[in-house]
Amino acid sequence: MYNFRKFKTVKLVKLFAAAFVILSVMSFNKAPYSVHHNNTKFKTYKISSKNGYFLVSEKQKLIRDTVPDGKKVFLDTLLRNATDTIPLKDSSATKGKADTLPYRLSKNALTAPVEFYAEDSMVINIPERSAALFGKESNLLYLENDITAPRILYDMNTGDISAAMVLDSTGRVMERPAFKSGDLTTESDSFKFNMKTGKGLTKGSYTQQGEMYVYGESIKKVDDEVLFAFKGRFTTCNLDTPHFAFAFNKTKFINKKMAVTGPIHPEVEGVPIPIYLPFGIYPLQEGRHSGLLAPNFVTNEQRGLGLEGLGYYKVIGEYWDVVLQTSIYSYGGWSVMLNPRYSKRYRYSGGISLDIQHFNFNFKGDPDFASNRSWNLRWNHSADAKSRPGVTFSANVNAGSSSYNSFVPNNPMLNISNMMSSSIRYGKTWKGTPFNLTVAANHRQNTNLKQIAIDLPNLNFTMSTIYPFRKKERVGEMKWYENIGFGYNLDTRSTATFYDTVANKSIFQQIKDTFMWGAKHRIPISLSLPPLGFFQFSPSVSYDETWFQTKSIHFYNATGDTLQTRLEKGLYTARQMSFGLSASTRIFGLLMAKKKDARIVGIRHELRPTITASYRPDFQKNNYYYLTDTLGRRTQYAYYESRYNLNSLYSPGRFGGLNFSIENNVSMKVRSKKDTGEAAIKKVSLIDALSISGSYNFLQDSLKFSPLSISASSNLFDKFSVTGFASMNLYQVNDSGRTINRLVWKDRPLSLGRLTSAGLTISSSFQGGNKETGEDPGLKSTGYRPESGYSLDEYNQEMAYIDAHPGEYADFNIPWSLNFSYSLTVNRQFLMNYGFKSTVMQNLNLGGTLNLTPKWQLGVQTFYNITDGSLNPMTLSLSRDLHCWQMSIAVSSGRYRYFSINISPKAPILRDLRVNKTESFRRL
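Residues numbered from 1 in each chain as written. Predicted model: local features only at pLDDT ≥ 70, side-chain atom pairs only at ≥ 80, totals over all residues. Heavy atoms only, no water.

Undergrad: Explain the overall build of the protein residue by residue, including any values.
TA: Scanning the protein from N- to C-terminus turns up five helices and 58 strands. Evaluated residue by residue, the protein yields a buried proportion of 37% over its 924 residues. Taking as baseline every contact in the protein between residues at least 6 positions apart, the subset at least 24 positions apart corresponds to 50%. For the protein, the exposed area adds up to about 53900 Å²; of that, 57% sits on carbon and sulfur atoms. (Helix = DSSP H or I, 4+ residues; strand = E, 2+ residues; numbered from the N terminus. Buried < 20%, exposed > 50% of the residue type's maximum accessible area, 1.4 Å probe, protein only. Contact = heavy atoms within 4.5 Å. Areas by Shrake-Rupley, 256 points an atom, 1.4 Å probe, with all protein chains shown as cover.)

What follows is the structure, given as structure tokens:
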């Protein structure tokens with residue numbers, strides 16, 4: 001037996017030198033022969049006294065060698081061919097010839113090389129044809145079988161590999177053997193594996209199958225697909241002594257398919273629970289597979305006891321699946337949900353959901369007994385734009401009974417929602433042409449008013465700008481008239497409105513009575529000119545034509561005290577034409593810090609003024625008329641009023657004046673205290689956009705200034721999203737509230753005008769640094785993203801469930817989080833005898849979480865109406881991290897009240913194994 005310790009290059013040479021002296025005494029012949037493998041030279045020695053060979057490399061690997069004649073030889077074959085010798089030849093006789101190595105290939109030879117690494121030492125026993133590896137990270141690799149252990153024994157006669165754990169002087173485990181074969185990874189007290197048959201036996205083994213952690217006193221590997229385990233447990237807890245488990249005596253694993261056990265019972269902290277099942281079947285198959293959906297047990301003050309979510313999931317094919325769920329209640333209520341879904345990668349995806357619910361509130365015979373039946377239909381569809389270039393199709397449908405939202409259990413956010421909407425859109429772009437077609441159908445439903453509006457169809461046809469005077473082959477510089485471009489746009493709409501509660505009229509009769517249609521044509525003509533100095537000039541001409549369905553004629557009755565209206569159906573048209581010349585430029589201002597190490601490096605201001613001189617002739621003389629009442633007051637009326645038509649009539653009179661706007665952008669560069677160099681300077685936006693726009697009409701006899709429109713938006717420090725608007729009237733009013741031709745600036749020179757309406761919205765979201773990464777994300781971006789793979793409807797459903805059950809989605813790595821949204825709107829109206837009165841509306845959405853301890857988290861989400869002081873709804877949640885389990889408590893107040901207690905495993909595979917108590921109440 002020969003013992004080689006710590007194979008390093010220098011020590012290996014010294015070891016060989018000492019070995020040569022010893023081997024000479026034992027009649028060992030000096031090696032006249034060497035072989036090469038992957039440019040690594042290996043020395044081979046003949047040991048005649050032991051009738052065997054051993055092969056050692058500086059890389060400490062037993063490998064497959066390639067000899068000059070192209071044949072292959074294995075180490076264990078060399079060890080078995082005890083009678084083979086290497087013929088010694090004179091160097092002069094063999095000069096210029098390749099050496100050869102005669103051998104016989106054993107019938108029991110391995111089919112692949114064996115690679116090994118010994119961290120501490122290696123012992124090769126040539127007479128017994130065995131090898132031992134020692135060291136903490138010793139490793140042996142054969143095909144897909146990878147073994148890492150502190151002690152590995154390899155028997156070349158049988159092909160068995162065995163390994164065992166190492167204990168310290170106190171009996172504590174220092175290292176366990178790890179075995180990996182394909183998808184199987186185990187950590188054991190000891191194991192034995194045969195490289196020829198692929199079978200193995202482990203003792204005290206831990207392994208993982210998907211999300212399941214499996215322990216077995218003995219695990220036997222039969223082949224690559226089947227394992228048997230004796231006296232073990234299943235769990236999703238990753239501790240050596242799990243908090244909970246399912247104990248069994250025998251089980252069979254079929255890789256990536258299932259595990260089947262005999263009698264099985266649960267254990268908590270190692271204490272068996274006397275609840276036994278005769279057998280257990282655990283799916284291990286990844287991806288989709290059919291199966292039952294477990295229900296939740298709930299209690300409800302109005303509906304009684306119930307089971308919610310009982311159903312079945314069925315995989316129909318590669319591209320389709322369907323979910324069927326139902327809920328039943330002791331007071332006679334029930335609900336059914338059918339949800340087929342489809343998806344084909346790189347082509348399309350979508351789903352249909354039909355919900356029908358019938359609820360009895362209180363039991364029959366109760367004075368407060370009530371019943372309601374409602375339904376809801378949702379359909380979402382999206383197509384990959386690359387699947388059919390030039391063609392788009394999408395759908396997002398949400399329609400149903402007006403009372404549906406109000407009666408969905410345990411969803412206060414949906415309960416207070418009073419709108420439903422739908423959209424189906426088809427688009428077509430013809431390749432190589434400027435033409436584009438869009439056809440859409442829309443649906444809007446107000447569940448409070450029980451009013452439903454349907455737009456069908458809406459058609460938009462567009463021809464992008466073409467340049468008819470340009471030559472196909474450009475020669476020399478382009479003429480000015482070659483930049484004249486024409487475009488075309490056609491927009492047609494139709495709509496109908498009906499109520500789902502009208503008894504004396506059918507829905508079809510209501511649609512017939514309320515059906516309206518309209519169309520609008522627009523032909524823009526433009527001329528692109530090169531910049532003139534610092535200014536860009538753009539002349540334009542536009543022709544518009546609008547089609548109307550209804551003409552309204554107002555008149556006074558015979559006594560002159562009642563205004564009456566006569567409606568005439570038909571096709572009516574109105575036209576308008578405008579001419580314009582705009583000039584725009586960009587002005588920059590820069591303010592730099594005087595100190596080189598100043599925190600604020602500089603402030604940059606960009607100003608973008610635009611002035612447009614335009615003229616619009618009066619084509620509306622025949623579309624307006626005047627009536628005089630008995631008091632002599634003269635009032636103007638339009639023949640095509642917007643309340644009887646989809647499109648609005650053009651403004652009367654001529655316009656010849658200026659349209660002006662000024663846009664501002666302000667940003668600054670700040671120096672970070674943490675970074676240095678170029679990375680230390682960061683650009684921060686102060687004002688993304690601040691614009692003021694208006695117009696002045698030279699041809700109007702009075703009130704020549706239009707109201708000023710002011711808008712602003714900013715994402716301050718990448719943390720606060722701020723938007724605002726305001727409308728300012730530049731003229732004063734008289735005592736009766738009528739606008740007079742006197743500018744506000746006459747009395748208040750520093751005023752921007754008289755405020756008529758304004759609004760402000762501020763929102764942000766923050767969270768503390770992640771305890772695992774140490775990062776402080778600051779502003780947390782939220783919102784629907786199409787690339788996420790979810791449809792908008794699925795996203796809204798998921799977010800609604802998270803909002804209703806925030807405790808079940810607690811992230812304990814985030815120490816705290818805060819999100820808020822504040823909105824303010826102001827409207828000023830003139831009231832007779834009271835003057836101008838302001839109507840102010842303020843709302844605050846507030847939510848957040850706080851880790852009370854590393855294992856307890858408190859959450860809150862609420863909506864507060866500051867104007868009337870109402871808080872509705874408000875949801876409080878309390879979550880507890882139980883390592884492999886999680887407990888959550890949620891309470892909601894307001895009109896739709898409920899509370900729930902949920903204890904469930906974290907692992908999705910056991911999501912149906914939970915204890916749930918839910919009660920909900922509704923104020924009728």
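Undergrad: How would you explain the environment of Leu277 if you had to name every residue and give the values?
TA: One can find Leu277 in the loop between strand 23 (271-272) and strand 24 (280-283). Separated by 13 residues in sequence, Leu277 and Ile264 have C-alpha atoms that sit 5.4 Å apart. Setting aside chain neighbours within four positions, we find Leu277 in contact with Gly262, Pro263 and Ile264.

Undergrad: So what's going on with the confidence of the model for the protein? Residues and values would help.
TA: Looking at the protein, the pLDDT average stands at 79 and 81% of residues meet or exceed 70. Counting interchain partners and residues more than four positions distant, the pLDDT-below-50 stretch residues 773-782 has 20 contacts. (pLDDT = per-residue confidence, 0-100.)

Undergrad: Residues and numbers for a nonpolar patch on the surface, please.
TA: On the surface, Leu324, Val336, Leu338, Ile352, Leu354, Ile356, Trp375 and Leu377 cluster together into a nonpolar patch covering about 600 Å² of accessible area. Going through the elements one at a time, strand 29 (334-344), strand 30 (348-361) and strand 31 (370-383) are the ones with two or more residues in the nonpolar patch. Sorting elements by how many residues they give to the nonpolar patch places strand 30 first, with three residues. Summarising the element assignment, Ile356 is placed in strand 30. (Patch = residues over 30% accessible without salt bridge, like charges linked within 9 Å, V, L, I, M, F, W, Y side chains within 5 Å. Salt bridge = Lys/Arg side-chain N within 4 Å of Asp/Glu carboxyl O.)

Undergrad: How would you explain the pattern of salt bridges if you had to name every residue and give the values?
TA: All chains considered together, the criterion is met by 20 salt bridges. Here Glu175 ties to Lys136 by a salt bridge, and the two come within 3.6 Å at their closest N and O atoms. With Glu175 in strand 13 (residues 173-175) and Lys136 in strand 9 (residues 130-142), this pair connects stretches of sequence that are 39 residues apart. By relative accessible area, which is 46% here, Lys136 ends up partly exposed. Arg643 is the partner of Glu641 in a salt bridge, and the nearest nitrogen-oxygen pair spans 3.2 Å. When salt bridges that share partners are traced, they join Arg586, Arg604, Glu606, Arg608 and Glu663 into one network.

Undergrad: Can you lay out the environment of Gly848 for me, pointing to particular residues and giving the numbers?
TA: Within the secondary structure, Gly848 sits in strand 53 (residues 835-853). For Gly848, a relative accessible area of 13% translates into the label buried. Spatially, the C-alpha atom of Gly848 lies 8.4 Å from that of Phe820, the residues being 28 residues apart in sequence. Once you skip the residues sitting within four places of it in the chain, Gly848 turns out to touch Ser817, Leu818, Asn819, Leu858, Gly859 and Val860.

Undergrad: So what's going on with the packing of aromatic side chains? Which residues, and what values?
TA: The final tally for this structure, using the stated rule, is 25 aromatic pairs. Aromatic side chains Tyr206 and Tyr215 sit 4.8 Å apart centroid to centroid with 45° between the ring planes, which places their arrangement in the tilted category. Seen in terms of ring centroids, Phe244 and Phe246 are 6.3 Å apart; in terms of plane orientation they differ by 85°. Their pairing is edge-to-face. Accessibility assignment for this pair places Phe244 and Phe246 in one class, buried. Feature note: the residues Phe548, Tyr572, Tyr625, Tyr637, Tyr639 and Tyr640 constitute an aromatic cluster, connected by ring pairs. (Phe/Tyr/Trp six-rings, centres within 6.5 Å; stacked < 30°, edge-to-face > 60°.)

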